[in-house]
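Here are the chains, one letter per residue:
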2 protein chains.
Amino acid sequence: MTIQDRKAIPIPQVEERLPIPKQNLRVPGPTPIPPEIMEAQAAQMINHRGPEFSAIMKRVTPRLQYFFQTTAPVLTYPASGTGGQECAVVNVFSPGDHVVSVIIGNFGTRLAKIAEAYGLNVTKIEFPWGQAADPDVVANRLQQIAPYRGVLLTHNETSTGVTNDIQSLATVVRNDNPDALIVVDAVSSLGSLPLEMDPWDLDVVFTGSQKGWMIPPGIMMIAASERAWAAHKQSKLPRFYFDWSSARKQLEASWQHPTTPPVSLFYGLDVALEMMLKEGRANIFAHHAQAGEYVRNRVKALGLKLLADPRYASNTVTAILTPEGIETKALLTKLRKEDNIVLADGQDHMKGKIFRIGHLGYFTQEDLDEALNAVEHRLHELGFQG
Amino acid sequence: MTIQDRKAIPIPQVEERLPIPKQNLRVPGPTPIPPEIMEAQAAQMINHRGPEFSAIMKRVTPRLQYFFQTTAPVLTYPASGTGGQECAVVNVFSPGDHVVSVIIGNFGTRLAKIAEAYGLNVTKIEFPWGQAADPDVVANRLQQIAPYRGVLLTHNETSTGVTNDIQSLATVVRNDNPDALIVVDAVSSLGSLPLEMDPWDLDVVFTGSQKGWMIPPGIMMIAASERAWAAHKQSKLPRFYFDWSSARKQLEASWQHPTTPPVSLFYGLDVALEMMLKEGRANIFAHHAQAGEYVRNRVKALGLKLLADPRYASNTVTAILTPEGIETKALLTKLRKEDNIVLADGQDHMKGKIFRIGHLGYFTQEDLDEALNAVEHRLHELGFQG
């Protein structure tokens, strides 16, 4: 084909844009945005190389350190949570490194896939969906396998509504291998559930803006221990966009980023952190714990079964087994179309078998009640006899 | 150090948050946001796995194809323009591949650095800052070097205010090597300056939301020719986050993304593309061309010198040599503090030697006049005799 043969692309005909509907969005991220944050995001753009933007980073960074519970610099990237997974892997490992991936659901699987895509040698310790990683089982398995450079853990598994006991798992790893790099995916937990990066001796921790932080998706935050920074210096995996050194250098030199940050989302993050500090970390954790318990109790009272082992049920997302004879998709469509309530389907092999309710970030008791009442109503409408 | 020794991190004391100032933001991105787009972005979050989000992608994707002038799917990622550079490199090449990097400024240098970071063998064809890549020079050099797999080009070099003649450069490459992959960084040009991906037979083209698209930073858009997709299938560079296959699969299956997209920015992009189609591609190009010419003429009339070769001066950004005896930083600070006008400094070795005025995306004649009048006033105040 010669250049002349190519046809220009005509103006496409597309469907008309309708207003974004007002919904009770109860998926485990994106989460609803408080009005204060909405308003903050409507400010006009500023220069990401100027003092006004640096002032934002100067407020946001120590506050993120406080929520991470770390003295390490918290680096921020325009990326999704999956970007955090990749950023963690590429900055500390080298091709062929042996890592242990502790998998309890879909996001643990994804983290292992990323490690494999980058040429790491991955040993998987898998637990059935709905179970947490048992520290004793992990301890035994670690003793049986070849020397390893790192362990990949999920704090809160969004696909199953299970929260791992990271402190115990980290202790088990540290006892077995004091130099191991402990990588923790805290995308749907940090800021909502207790996680203590420095006190628990975690090496890499990352999260995403669209979860407990109450702002839209688009910012990924990540921090690394001194052990991880030392590993970073030796790491041979190729990287540029997610490279920690350039991000840290720019942050320390000028409270800025090596590339253009998502400015409007940082306006939101600035206000969100202010609101979160006003509420207090302990209070935030308490209200998530109450919400988790409330949702689980109401779900059980409806005669429904939870996917999660009750000892490790997540306080940010609850996964419910779709009762026999009910089609998950039909239930979710009814809730969305008739009640303006949006819940999430299962992922991977649990698609159609469970539905998930998010209770993290910005929500009220009324939001939870409205969603649960509608679930009860629509399930019975669809023939559920529970 | 034992776990018990670690201290918890106290609540940080930070400076008070001040309102975001109203400025005449005349940097080459982020660019000001029109009120319609601001308003659209204030809509509440929706499920990125639901039909409302798919409807946005179903409108946005063909309209992006129209602006790219390609039948190839346009993939979108939560990323900056640098993410686009990395996404282009990692999807089509393999370690050790020989690529030619045509460099006319800072962003061309960055693209070459990314190729090197990923283990490609890079031959650089460099032109002095302010010059465009001369197609005849490039043609001669290409004949003298070893066989190459691809050529990395910059359409509009934001650091120097120079626009390459991509059509001529692509023709030169294609004549020399019909199978070469032509990668074009169109971050600060696409949507503002003419670029015809399919008619010009370009293989990979990418851009960023914070430039001519009139929305905040955070979305990167990229498209690949059939030749590039064939190369993608063979490419051995490690990748996951920026992988094209998963993005295309999800787009074609459900008008969605493999990971969580920046929802609020897509609200903005949806409206921006509607506004851009209403204005018309030719009209958008014309008003950028007029703005470029107007700024250059006024700058020359002030007795200032342009960095760019006048034959290739950019219509989205103008780089001006700081007159002898004037400190760039002092000028820019005065403009920002006293006039609320924000211009950009030079980058790399041109920092302090030039200043840059952005004229892309959403701006009015008054914005340009206000900025240029203030530059005139403050330069004279600082002792400029021109």
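Cut-off values and rules
- Residues numbered from 1 in each chain as written.
- Chains lettered and ligands numbered in written order.
- Predicted model: local features only at pLDDT ≥ 70, side-chain atom pairs only at ≥ 80, totals over all residues.
- Heavy atoms only, no water.
- Helix = DSSP H or I, 4+ residues; strand = E, 2+ residues; numbered from the N terminus.
- Rg over C-alpha atoms; globule rule 2.2 N^0.38 Å.
- Buried < 20%, exposed > 50% of the residue type's maximum accessible area, 1.4 Å probe, protein only.
- Contact = heavy atoms within 4.5 Å.
- Salt bridge = Lys/Arg side-chain N within 4 Å of Asp/Glu carboxyl O.
- Domains from an automatic or database assignment.
- Buried area = accessible area lost by both parts, 1.4 Å probe.
- Polar contact = N/O pair within 3.5 Å; in protein donor to acceptor, adjacent residues only side chain to side chain.
- Least-squares fit on C-alpha atoms with pLDDT ≥ 70 in both.
- pLDDT = per-residue confidence, 0-100.
- Pairing = 2+ DSSP bridges.
- Axes fitted to C-alpha atoms, helices over the stretch in contact; angles between N-to-C directions.
- Core = buried A, V, L, I, M, F, W, Y, C linked by side-chain atoms within 4.5 Å.
- UniProt positions renumbered as here; feature names shortened; annotations may be inferred.
- Arc of directions from axis to C-beta.
- Phe/Tyr/Trp six-rings, centres within 6.5 Å; stacked < 30°, edge-to-face > 60°.

1. Some details on the overall build of chain A
What chain A contains, in helices and strands, is 12 helices and 14 strands. Relative to its length of 386 residues, chain A is compact, with a C-alpha radius of gyration of 22 Å against a globular reference of 21 Å. Projecting the C-alpha coordinates of chain A onto the three principal axes gives extents of approximately 60 × 60 × 60 Å. When the 386 residues of chain A are sorted by exposure, 66% land in the buried category. The contacts in chain A between residues at least 6 apart in sequence include a share of 74% that link residues at least 24 apart.

2. A few points about the pattern of salt bridges
Taken as a whole, this structure holds 40 salt bridges over all chains when the rule is applied. Across the pair A:Lys334 and A:Glu381 runs a salt bridge, and its minimum N-O distance is 2.9 Å. On the criterion of sequence distance, the pair formed by A:Lys334 in helix α11 (residues 328-339) and A:Glu381 in helix α12 (residues 365-381) is long-range, its members being 47 residues apart. Residue A:Glu381 is classed as partly exposed on the basis of its relative accessible area of 41%. Two residues, B:Glu381 and B:Arg378, come together in a salt bridge whose shortest N-O distance is 3.0 Å. On the criterion of helical spacing, the pair formed by B:Glu381 and B:Arg378 is a turn pair, its members being 3 residues apart in helix α12 (residues 365-381). Through salt bridges with shared partners, one network takes in A:Lys334, A:Glu338, A:Asp339, A:Arg378 and A:Glu381.

3. Describing the domain arrangement of chain A
All names here are of chain A. Split by domain assignment, chain A resolves into domain 1 (24-31 + 281-381) and domain 2 (35-277). The straight-line distance from the C-alpha centre of domain 1 to that of domain 2 is 26 Å. Listed by partner, the interface residues are 27 residues for domain 1 and 31 residues for domain 2. For the domain 1 and domain 2 pair, buried surface summed over both sides reaches about 2,400 Å², with 60% attributable to carbon and sulfur atoms. The largest contributions to the domain 1 side of the interface with domain 2 come from Arg-281, Phe-285 and Tyr-312, which together make up 28% of the buried area. Here domain 1 is connected to domain 2 by 1 salt bridge. For the salt bridge of Glu-196 with Arg-281, the shortest nitrogen-to-oxygen distance reads 2.7 Å. The tally of links between domain 1 and domain 2 comes to 12 residue pairs in polar contact (both at pLDDT 80 or more). Secondary structure elements with two or more residues in the side of domain 1 that touches domain 2: α10 (281-301), β11 (317-321) and β14 (354-358).

4. Examining the relation of the copies chain B and chain A
One copy of the chain maps onto the other through a rotation about an axis followed by a shift along the same axis. Least-squares fitting of chain B to chain A yields an RMSD of 0.0 Å, with the transformation described by 0.0 Å of translation along the axis and a rotation of 180°. Such values leave the two copies arranged in the relation of a two-fold axis. Most of the interface of chain B is mirrored in chain A, where 99% of its interface residues are also at the interface.

5. Re the confidence of the model for chain A
With 98% of its residues at a pLDDT of at least 70, chain A reaches an overall mean of 97. In this model, residues 1-5 of chain A is a region of pLDDT below 50 whose contacts with residues beyond four sequence positions or in other chains number 5 contacts.

6. Quick word on the interface of chain B and chain A
Facing 84 residues of chain B, the contacting portion of chain A comprises 83 residues. Here chain B meets chain A over a buried area of about 7,200 Å², counting both sides, of which 64% is carbon and sulfur. Across the contact surface, chain B and chain A share 6 salt bridges. With a closest N to O distance of 2.8 Å, A:Arg17 and B:Glu274 form a salt bridge. Between the two partners, chain B and chain A, sit 20 residue pairs in polar contact (both at pLDDT 80 or more).

7. Details of the sheet that holds strand β9 (residues 204-208) of chain B
Two strands in a sheet stick together by hydrogen bonds in their backbones, pointing the same way (parallel) or opposite ways (antiparallel). Residue and element names in this part refer to chain B. Pairing is mixed across the open sheet formed by 7 strands, whose spatial order is β2-β10-β9-β8-β5-β3-β4. In the strand order of this sheet, the two ends are held by β2 (74-78) and β4 (121-126), each with one partner. Across the sheet, the axes of successive neighbouring strands diverge by a mean angle of 20°, strand direction being ignored. Packing of helix α2 (residues 51-68) onto the sheet brings it into contact with β2, β9 and β10 (219-224), and relative to β2 it is tilted by some 115°.

8. Re the nonpolar core
Core analysis: the largest hydrophobic core is formed by 206 residues, its most contacted members being A:Trp244 and B:Trp244. When residues no more than four places from it in sequence are discounted, the contact partners of B:Trp244 are B:Leu75, B:Tyr77, B:Cys87, B:Ala88, B:Asn91, B:Val92, B:Val204, B:Ile222, B:Ala224, B:Ala228, B:Trp229 and B:His232. Core analysis: the second largest hydrophobic core is formed by 23 residues, B:Val299, B:Leu302, B:Leu306 and B:Phe363 among them.

9. Here's the deal with the UniProt feature "domain: Aminotransferase class V" (unreviewed entry) in chain A
UniProt's entry tags residues 39-368 of chain A with the feature "domain: Aminotransferase class V" (unreviewed entry), counted in the numbering of this structure. Span residues 39-368 of chain A is 42% helix and 17% strand, its end C-alpha atoms 24 Å apart.

10. Describing the UniProt feature "binding site: substrate" (unreviewed entry) in chain A
Residues and elements named next belong to chain A. Per the UniProt record, "binding site: substrate" (unreviewed entry) is found at Arg-356. In this view, Arg-356 contacts Arg-26, Pro-28, Thr-158, Ser-159, Val-317, Thr-318, Ala-319, Leu-343, Ala-344, Asp-345, Gly-346 and Gln-347; residues no more than four positions away in its chain are not counted. Looking at Arg-356, its side chain comes within polar contact range of the main-chain oxygen of Thr-158, at 2.8 Å.

11. With respect to the side chain of A:Gln69
Mapped onto the elements, A:Gln69 comes out in the loop between α2 (51-68) and β2 (74-78). Once residues within four sequence positions are removed from consideration, A:Gln69 is found in contact with A:Leu195, A:Glu196, A:Met197, A:Asp198, A:Pro199, A:Arg281, B:Ala8 and B:Ile9.

12. Re the environment of B:Glu279
Residue and element names in this part refer to chain B. Relative to the elements of secondary structure, Glu-279 occurs in helix α9 (residues 263-279). Take Glu-279: its relative accessible area is 32%, and that puts it in the partly exposed class. Not counting residues up to four positions away in its chain, the partners in contact with Glu-279 are Ile-284 and His-287. There is a polar contact of 2.5 Å between the side chain of Glu-279 and the side chain of His-287.

13. Thoughts on the sheet that holds β11(A)
Residues and elements named next belong to chain A. The strand order β11-β14-β13 describes an open sheet built from 3 strands, whose pairing is antiparallel. Because the sheet does not close on itself, it has two edges, and the strands there are β11 and β13 (344-345). Lying on the sheet, α11 is in contact with β13 and β14; it crosses β14 at an angle near 35°.

14. What to know about helix α5 (residues 135-144) of chain A
All names here are of chain A. Regarding α5, the residues found buried are Pro-135, Val-138 and Leu-142. What you see down the axis of α5 is that its buried residues fit within an arc of 60°, all on one side. When the buried face of α5 is taken as reference, the exposed residues oriented beyond 90 degrees from it are Asp-136, Gln-143 and Gln-144. The elements touched by buried residues of α5 are β3 (98-103), β4 (121-126) and α6 (166-176). Capping the start of α5 is the job of one residue whose side-chain oxygen sits 2.8 Å from the backbone nitrogen of Asp-136: Asp-134.

15. Focus on the packing of aromatic side chains
This structure, assessed with the given rule, holds 15 aromatic pairs over all chains. Between A:Tyr241 and B:Phe242, the aromatic rings sit 5.4 Å apart at their centres with planes inclined by 70°, giving edge-to-face as the arrangement. On the criterion of chain membership, the pair formed by A:Tyr241 in the loop between α7 (226-234) and α8 (244-254) and B:Phe242 in the loop between α7 (226-234) and α8 (244-254) is interchain, its members lying in two chains. Each member of the pair A:Tyr241 and B:Phe242 is classed as buried. Ring geometry for B:Tyr66 against B:Phe67: centres 5.3 Å apart, planes inclined by 75°, an arrangement best described as edge-to-face. Since its relative accessible area comes to 9%, B:Tyr66 is described here as buried.

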